[in-house]
Amino acid sequence: IPPGQKSVLLEKNIARAKELCPNCGDPSLVMGKSFLEQYYSTQSFSFLKNAHHEFESALEKNFLDLKFLPYLIQTYTLQGSFKKAKEICYKLFKYQKYEHNARLDYSAIILVESNITRNPSSRPEQIIGAWKQAKEWVTNRDKRLWEDLQKQKERQNQFMERKAEK
């Protein structure tokens, strides 16, 4: 299926799903993700605006379902609304299931914000690049910390084994 036709087909199916279940947020989540992908590839603000609208709509329909909030964090950050993105992170810090990723997002927001503050006339592609770079950095940092912790435990076990042999 050609990309343009694929998008039209997705939109028709999502519209149908919204009709079948008007209180379900998942169709809006899927559509929002699609708009977000289109924004990344085109830097057209209308796609970012539509993605944000879909995530907001999903949250309105299911205000207790927190899975939509990370996407709002992302859209707020890409729009330069760092304060609003951080506020959502604060909400997610309270929930064990989301706390870790919220902390990663919060760190990424701070990195993007500092990058953009130094260059206030940033264009969408610069903000997108800063977001992707920040997310990669904080994710890799987290992996490195985990690997370091595992190595430290291994060294400690080896030390304890040698001590027990003596």
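Further up the page is the structure itself.
Residues numbered from 1 in each chain as written. Predicted model: local features only at pLDDT ≥ 70, side-chain atom pairs only at ≥ 80, totals over all residues. Heavy atoms only, no water.

### A short note on the overall build of the protein
Point 1. Scanning the protein from N- to C-terminus turns up seven helices and zero strands.
Point 2. Relative to its length of 166 residues, the protein is extended, with a C-alpha radius of gyration of 20 Å against a globular reference of 15 Å.
Point 3. When the backbone C-alpha atoms are referred to their principal axes, the protein occupies close to 75 × 40 × 35 Å.
Point 4. Here the protein, with 166 residues, has 33% of them falling under the buried criterion.
Point 5. For the protein, restricting intrachain contacts to residue pairs at least 6 apart in sequence, the fraction spanning at least 24 positions comes to 51%.
Point 6. Accessible area for the protein stands at about 11,100 Å²; split by element, carbon and sulfur atoms hold 53% of it.
Point 7. On the protein, the mean spot of the 28 positive side-chain charges and the mean spot of the 20 negative ones are 2 Å from each other. (Helix = DSSP H or I, 4+ residues; strand = E, 2+ residues; numbered from the N terminus. Rg over C-alpha atoms; globule rule 2.2 N^0.38 Å. Buried < 20%, exposed > 50% of the residue type's maximum accessible area, 1.4 Å probe, protein only. Contact = heavy atoms within 4.5 Å. Areas by Shrake-Rupley, 256 points an atom, 1.4 Å probe, with all protein chains shown as cover. Lys, Arg positive; Asp, Glu negative; His and termini not counted. Charge placed at Lys NZ, Arg CZ, Asp CG, Glu CD.)

### Section: helix α3 (residues 45-61)
Point 1. Look at α3: 24 Å from first C-alpha to last across 17 residues, which is about the 24 Å you get at 1.5 Å a residue.
Point 2. Looking at α3, one finds that the buried residues are L48, A51, H52, E54, F55, S57, A58 and L59. (Expected span 1.5 Å × (residues − 1).)

### As for the pattern of salt bridges
Point 1. Considering all chains together, one arrives at six salt bridges under this definition.
Point 2. Close ionic contact of K67 with D26 constitutes a salt bridge, the shortest N to O distance being 2.7 Å. With K67 in the loop between α3 and α4 (69-78) and D26 in helix α2 (residues 26-42), the pair connects residues that are 41 residues apart, well separated along the chain.
Point 3. Linking K86 and E113 is a salt bridge whose minimum nitrogen-to-oxygen distance equals 2.7 Å. Of this pair, K86 sits in helix α5 (residues 82-92) while E113 sits in helix α6 (residues 96-118), and the two are 27 residues apart along the sequence.
Point 4. Relative accessible area serves as the criterion here: at 16%, K86 is assigned to the buried category. (Salt bridge = Lys/Arg side-chain N within 4 Å of Asp/Glu carboxyl O.)

### Looking at the side chain of E54
Point 1. Along the chain, E54 falls in helix α3.
Point 2. Classification of E54 by relative accessible area gives buried; the value is 9%.
Point 3. Setting aside chain neighbours within four positions, we find E54 in contact with K18, S28, M31, G32 and F35.

### What to know about α2
Point 1. When the terminal C-alpha atoms of α2 are compared, their 24 Å separation across 17 residues agrees well with the 24 Å that a helix rising 1.5 Å per residue should span.
Point 2. Residues of α2 that are buried: P27, S28, L29, M31, G32, S34, F35, L36, Q38, Y39 and Y40.
Point 3. Positive phi appears at Q43, one or two residues downstream of α2, with a value of about 60°.

### Some details on the layout of surface pockets
Point 1. For the largest pocket, the calculated volume is near 240 Å³.
Point 2. Lining the largest pocket are 14 residues, with L59, L66, L69, I88 and K91 positioned closest to its centre.
Point 3. Going through the elements one at a time, α3, α4 and α5 are the ones with two or more residues in the lining of the largest pocket.
Point 4. Its residues assigned to classes, the lining of the largest pocket shows nine nonpolar, no polar and five charged. (1 Å grid on protein atoms, 1.4 Å probe; cavity = no way out; pocket = protein on both sides within 12 Å on 5 of 7 lines; lining within 4 Å. Points joined across faces, edges and corners; volume = space filled by probe spheres on them. Nonpolar A, V, L, I, M, F, W, Y, C, P; charged D, E, K, R; others polar.)

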